[in-house]
Number of protein chains: 2
Amino acid sequence: MTLTLTPLKNIPLIRHGDNLADILLRALNETSLTLEDGDILVVTSKIVSKAEGRTVELAAVTPSERALELARQAEKDPRVVELMLSESAEVLRVRVGTIIVEHRLGFVCANAGIDHSNVDPDPSPNGYIWGGGSGEGSVLLLPLDPDASARVLREKIESATGKKIGVMLVDSHGRAWRVGTVGVCIGLSGIPGIVDERGWKDLFGRELRITIVGAADELAAAASLVMGQAAEKTPVVHARGFPYPLREGSLKELLRPKEQDLFR
Amino acid sequence: MTLTLTPLKNIPLIRHGDNLADILLRALNETSLTLEDGDILVVTSKIVSKAEGRTVELAAVTPSERALELARQAEKDPRVVELMLSESAEVLRVRVGTIIVEHRLGFVCANAGIDHSNVDPDPSPNGYIWGGGSGEGSVLLLPLDPDASARVLREKIESATGKKIGVMLVDSHGRAWRVGTVGVCIGLSGIPGIVDERGWKDLFGRELRITIVGAADELAAAASLVMGQAAEKTPVVHARGFPYPLREGSLKELLRPKEQDLFR
């Protein structure tokens, strides 16, 4: 089966309180796409964070002693480091420019997923809850509960369309030993996180030994490729042709238990 | 732009000495696809290894002392471990079932990318150079020089079709802190490994700070999702709509210099 990834057109700048489900339904329409059972909408976590009001004005942040010390080591803004600490369960590595943490959501990532880019630096006086900030004055935290955000979006869109779909939130992560960021799933609903093929047969009828496929992360990477990272204005991608059966999944499936983590 | 990933139909079992370019051209035809400039063919490294005769009969392997010791720790076949050592620059971690190495090709991976699955366990008497092996008697090593393999395939297909394309070899890798394998690029020609967006502007005209996109790995993950891991018999995927300009790339772009590796 062919897998098709299409960026949705005409998604406006998202503001706190926006109804993302309505915006996505409108954008599907403007992209001339009609949802079918099994379709998946892949959404950058940034616009979910914005809709949920996860922007933080840095002027309101007072860094702790620990944040000041880590900020010196990493050569980062101590207020941003303070937010990284509050968003993290544990600090794993500190290098200049990069603090690797275990995020409170359970995954390992750089800088707690806190984002400067595409946060409106010059907001209009009303609408933007982080209004009045300077160009470098605000940052965006990840959604509080990305699985729940995905579920709400899925349920609203399913009830509007009558179609069974999946919804996934993605972010871009670096890798320990490879160059470049790739899209990864940070929350999902209506699709599997992993597909456990242990017990399946290979081409020669022999049992596959160790294959658990990170299917949601593969789709996240595919959609991120289509989204691009800079000014492309395509924060949502429609995917058709996901090759595995849909079921309810969760981010947890994708996270190695600490004791099996090969990094720590 | 829409990204479309289509598995090629009717690719036969590949044997040592097979002309992969001819086989891919035939399969494109049988899939009713006509190549266009900018298309990319994503090929599982397995069939390249088979065509290049990278199958090793385990009966011919004598494990060293070091292989015997590591095999005890990892609970693996010492002959396979011997091959892992000969395919690796360095052993990084040993756990039951998994030996993490720096492969001689420069990337970090489990078990040196040595594969049991989809290696014909019951070959016909002629044709298969690993002929006569028992069901568990042979393994498949990665291609000697995957960038070169990709380049040769690209050049042959370009000269047969007159189209400028990219070719990528992929394998499935585990991740240090996430569950499930994802497709990664292990060799490429005619496409970029990474896309360096530093200096690009974000939506608000502000310079993006750290964005280097692992574009080849994102495409590898997308194609792997379509290939599946088990009996799907779809070792080649045609990709149309790769969103970055094509240029000559190399695996090296995707590999962190050791001193920047966050794993070691």
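Note that the coordinates shown come from a computational prediction; the quantities given were computed from them, not determined experimentally. (Residues numbered from 1 in each chain as written. Chains lettered and ligands numbered in written order. Predicted model: local features only at pLDDT ≥ 70, side-chain atom pairs only at ≥ 80, totals over all residues. Heavy atoms only, no water.)

K.L.:
Just to check I follow, could you spell out the overall build of chain A for this structure?
P.N.:
If you tally the helices and strands in chain A, you get 6 helices and 12 strands. Classification of the 264 residues of chain A by burial places 59% in the buried group. A separation threshold of at least 6 residues defines the contact pool for chain A, and within that pool the share at least 24 residues apart is 62%. With the model as given, the accessible surface of chain A reaches about 10400 Å², and the carbon-plus-sulfur share is 50%. (Helix = DSSP H or I, 4+ residues; strand = E, 2+ residues; numbered from the N terminus. Buried < 20%, exposed > 50% of the residue type's maximum accessible area, 1.4 Å probe, protein only. Contact = heavy atoms within 4.5 Å. Areas by Shrake-Rupley, 256 points an atom, 1.4 Å probe, with all protein chains shown as cover.)

K.L.:
Just checking my understanding: could you explain unusual backbone geometry for this structure?
P.N.:
Peptide bonds are mostly trans, and most non-glycine residues show a negative phi. Unlike most non-glycine residues, S32 of chain B shows phi in positive territory, near 60 degrees. For S32 of chain B, the position within the fold is in the loop between α1 (20–30) and β2 (40–44).

K.L.:
Please clarify how the packing of aromatic side chains should be interpreted in this entry.
P.N.:
The description of two aromatic rings rests on the distance between their centres and on the angle between their planes. Residue and element names in this part refer to chain A. Inspection of every chain in the model, using the stated rule, returns 2 aromatic pairs over all chains. Arranged with centres 5.9 Å apart and planes meeting at 70 degrees, the rings of F242 and Y244 form a pair that is edge-to-face. A residue is classified by how much of its surface remains accessible, and F242, at 7% relative accessible area, is buried. For Y244, a relative accessible area of 8% translates into the label buried. (Phe/Tyr/Trp six-rings, centres within 6.5 Å; stacked < 30°, edge-to-face > 60°.)

K.L.:
Looking at this structure, I do not really get the sheet that holds strand β6 (residues 108–110) of chain B. What am I missing?
P.N.:
Sheet strands pair via backbone hydrogen bonds, and the direction of the pair is either parallel or antiparallel. Residues and elements named next belong to chain B. The 3 strands are arranged β4-β5-β6 in an open sheet whose pairing can be described as antiparallel. Either end of the sheet is taken by a strand with one partner, and the two such strands are β4 (88–95) and β6. Neighbouring strand axes in the sheet, compared pairwise and without regard to direction, differ in orientation by 25 degrees on average. In this structure, strand β5 (residues 98–103) lies alongside β6, joined through 3 bridges in antiparallel fashion. Within the sheet, the bridge partner assigned to E102 lies in β6 and is V108. (Pairing = 2+ DSSP bridges. Axes fitted to C-alpha atoms, helices over the stretch in contact; angles between N-to-C directions.)

K.L.:
Explain empty space enclosed by the protein to me, please; I cannot follow it from the model alone.
P.N.:
If you roll a probe as big as a water molecule over the atoms, it shows you where there is empty space left. Under the definition given, this model contains 2 cavities of 30 Å³ or more. Quantified by volume, the largest cavity comes out at close to 330 Å³. Within the residue set of the lining of the largest cavity, elements represented by two or more residues are β9 (182–189) and α6 (215–227) of chain A together with β9 (182–189) and α6 (215–227) of chain B. Among the residues making up the lining of the largest cavity, the classes are represented as 11 nonpolar, 6 polar and 7 charged. The computed volume of the second largest cavity comes to approximately 50 Å³. Residue contributions to the lining of the second largest cavity peak at 3 residues, all from helix α2 (residues 45–51) of chain A. For the lining of the second largest cavity, the class distribution of residues is 3 nonpolar, 3 polar and 3 charged. (1 Å grid on protein atoms, 1.4 Å probe; cavity = no way out; pocket = protein on both sides within 12 Å on 5 of 7 lines; lining within 4 Å. Points joined across faces, edges and corners; volume = space filled by probe spheres on them. Nonpolar A, V, L, I, M, F, W, Y, C, P; charged D, E, K, R; others polar.)

That is the geometry; function is a separate question.
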